[in-house]
Amino acid sequence: MDVGGAYGGGKAGAPFDPITFVQRPQVVLRALCLLFAIIVFGCISSQGWQPEPPEPGKKSVEVCLYNKNGNACNYGVGIGVIAFLASIGFLAGEYLFEQMSSVKTRKHYVLGDLGFSGFWAFLYFVGFCYLSNQWGKSEETPVGTSNMQAAIAFSFFSIFTWAGCAWFAYQRFRQGSDAAFAPSYDADPSSVPGGAPYSSYPVGPDADGGYQEPPFSGSQNRGPGDFQAPAY
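Residues numbered from 1 in each chain as written. Predicted model: local features only at pLDDT ≥ 70, side-chain atom pairs only at ≥ 80, totals over all residues. Heavy atoms only, no water.

J.: Would you explain the overall build of the protein in this entry?
T.: Check the secondary structure of the protein and you find six helices and two strands. The secondary structure elements of the protein, listed N-terminal to C-terminal, are α-α-β-β-α-α-α-α. When burial is assessed residue by residue, the protein has 31% of its 232 residues classed as buried. Residue pairs at least 24 apart in sequence account for 74% of intrachain contacts in the protein once pairs closer than 6 positions are excluded. Accessible surface for the protein amounts to roughly 15000 Å². Of this, 62% is attributable to carbon and sulfur atoms. (Helix = DSSP H or I, 4+ residues; strand = E, 2+ residues; numbered from the N terminus. Buried < 20%, exposed > 50% of the residue type's maximum accessible area, 1.4 Å probe, protein only. Contact = heavy atoms within 4.5 Å. Areas by Shrake-Rupley, 256 points an atom, 1.4 Å probe, with all protein chains shown as cover.)

See the structure below:
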């Protein structure tokens, strides 16, 4: 089925324009989500774990700089890695969105984008609050401070990028819903607000408007006695 403009996308099969593609707000936000995810899990993975001075007779162990709470570091890395993979997947989906010839396929993609983006914005909000709280309780350390603070800051920025992706997905869903319930071309224009009723078909003269006596009817109805000889 050939689709034109369904759920905010172009007509299926249209030529791909890379300049127009990279200028889409959805693509720009996905690229930012990808970049912020790399910063979050990269900062925590690189310097989020530091060796703790060993006690006598024990081996040195690494502890998370977020108040020595390993769950905080694991949470930040986890949501960052999944956001990174999801951003790549959604960027590929944006590229293929114009090629989706099925309205149902576009609808499923838009609903998946809406649900995941909204949920991940919420998880980043939780992560920002969680990491900020644990960092406030942490002891000062000579290394890793800037990385830990950068992870918190870009977790905060990611809330808005993922929320923005959810907003654009919602707008796409509304466009698809409005198109689905729009009046069809076969509908009576008088039932559509602002529509003009159908004009009546021009009717010609009534064929049965009146009976006309056929020519020569008088001569055909005369009897033999009515015939008169011509006068010389």
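J.: I would appreciate a short explanation of the UniProt feature "transmembrane region" (unreviewed entry) in the protein in the present structure.
T.: As recorded in UniProt, the sites labelled "transmembrane region" (unreviewed entry) are residues 27-49, 75-97, 109-131 and 151-170. The distance from the first to the last C-alpha atom of residues 75-97 is 32 Å, and the span holds 100% helix and 0% strand. Secondary structure within residues 109-131 divides into 100% helix and 0% strand; the distance between the first and last C-alpha atoms comes to 32 Å. (UniProt positions renumbered as here; feature names shortened; annotations may be inferred.)

J.: Which parts of the structure should I look at to understand a nonpolar patch on the surface?
T.: Together, F119, F122, F125 and V126 make up an exposed nonpolar region whose accessible area comes to about 390 Å². Within the secondary structure, V126 sits in helix α4 (residues 103-136). (Patch = residues over 30% accessible without salt bridge, like charges linked within 9 Å, V, L, I, M, F, W, Y side chains within 5 Å. Salt bridge = Lys/Arg side-chain N within 4 Å of Asp/Glu carboxyl O.)

J.: I would appreciate a short explanation of the layout of surface pockets in the present structure.
T.: By rolling a water-sized probe across the atoms, one finds the places where empty space is left. In this model, the largest pocket occupies a volume close to 310 Å³. As for the largest pocket, its lining consists of 14 residues, of which V63, L65, K68, E139 and T141 are closest to the centre. Looking at the lining of the largest pocket, the elements that each hand over two or more residues are β1 (49-51) and β2 (62-64). Its residues assigned to classes, the lining of the largest pocket comprises six nonpolar, four polar and four charged. (1 Å grid on protein atoms, 1.4 Å probe; cavity = no way out; pocket = protein on both sides within 12 Å on 5 of 7 lines; lining within 4 Å. Points joined across faces, edges and corners; volume = space filled by probe spheres on them. Nonpolar A, V, L, I, M, F, W, Y, C, P; charged D, E, K, R; others polar.)

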